[in-house]
Amino acid sequence: MANRAGVSKSVVLYHFESKSALMEAVVTEVCTSAGPALVTALGEFAEVDTRTLAVVLRPTIDALPGLFESDPTVRGPELAEHLVRLFDRTVRKEGR
């Protein structure tokens, strides 16, 4: 994120009390800005607490590099597909 913004990592972290707070802000921003387009494309989403979603996503994202390094049999595309389905079930409004 810092590289993409053209700043150092410390500049990004300066504005947030923790990495978890940064992740929560990212999830909130994505849900807020991309929400209408996603609803149009995918249907309505359930009410989701962005803090809870960030708390769940952060360790998953952090664990992926170690998982790939420690287990060469893990197939990235299959794992990504599974995680997308899991995320979809979590945020999709029931009955859709």
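Undergrad: Teacher, can you tell me more about the overall build of the protein chain here?
TA: Counting its secondary structure elements, the protein chain contains five helices and zero strands. Order of helices (α) and strands (β) in the protein chain, N terminus to C terminus: α-α-α-α-α. Considering the protein chain as a whole, with its 96 residues, one finds that 14% of them fall into the buried category. Look at the contacts in the protein chain between residues 6 or more apart in sequence, and 55% of them connect residues 24 or more apart. In the structure as shown, the protein chain presents an accessible area of about 7500 Å², 59% of it carried by carbon and sulfur atoms.

Undergrad: Which parts of the structure should I look at to understand the nonpolar core?
TA: If you look at soluble globular proteins, the nonpolar side chains tend to sit buried side by side. Of all hydrophobic cores here, the largest spans five residues; its members are M23, V27, L53, A54 and V91. For this core, the elements supplying multiple residues, two or more each, are α3 (19-42) and α4 (50-70).

Undergrad: Please explain the pattern of salt bridges as it appears in this structure.
TA: Two side chains carrying opposite charge are able to pair once their charged atoms lie near each other. Applying the stated criterion across every chain, the model contains three salt bridges. Between R75 and E78 there is a salt bridge, and its shortest N-O distance comes to 3.8 Å. The pair R75 / E78 is uniform in exposure class, with both members exposed.

Undergrad: Mind showing me how you'd approach the packing of α4 against helix α5 (residues 76-91) here?
TA: Helix packing geometry: the angle between the two helix axes and the distance between the axes. Here α4 crosses α5 at 175°, and the two axes come no closer than 13 Å. In terms of orientation, α4 lies roughly antiparallel with respect to α5. Contact residues: L53, L57, T60, L64, L67 and F68 in α4; G76, L79, L83, F87 and V91 in α5. Per-class residue counts for the contact of α4 with α5 are nine nonpolar, two polar and no charged.

Undergrad: What should I look at first to understand α4 in this one?
TA: Each α-helix winds once per 3.6 residues, and so residues spaced three or four apart point in a common direction. Along its 21 residues, α4 runs 30 Å from first to last C-alpha, staying within 8% of the 30 Å computed at 1.5 Å per residue. Within α4, the axis deviates most sharply at L64, by approximately 35°, and proline P65 lies no more than four positions further along.

Undergrad: I tried to follow the side chain of E24 on my own but got confused; where do I start?
TA: Structurally, E24 can be placed in helix α3. Leaving out residues up to four positions away in the same chain, E24 has contacts with T50, R51 and A54.

Criteria and thresholds
Residues numbered from 1 in each chain as written. Predicted model: local features only at pLDDT ≥ 70, side-chain atom pairs only at ≥ 80, totals over all residues. Heavy atoms only, no water. Helix = DSSP H or I, 4+ residues; strand = E, 2+ residues; numbered from the N terminus. Buried < 20%, exposed > 50% of the residue type's maximum accessible area, 1.4 Å probe, protein only. Contact = heavy atoms within 4.5 Å. Areas by Shrake-Rupley, 256 points an atom, 1.4 Å probe, with all protein chains shown as cover. Core = buried A, V, L, I, M, F, W, Y, C linked by side-chain atoms within 4.5 Å. Salt bridge = Lys/Arg side-chain N within 4 Å of Asp/Glu carboxyl O. Axes fitted to C-alpha atoms, helices over the stretch in contact; angles between N-to-C directions. Parallel < 35°, antiparallel > 145°, perpendicular 65-115°, else oblique. Nonpolar A, V, L, I, M, F, W, Y, C, P; charged D, E, K, R; others polar. Expected span 1.5 Å × (residues − 1). Bend = angle between axes of the 7 residues up to and from the residue.

Such coordinate-based values are descriptive only and should not be taken to indicate function.
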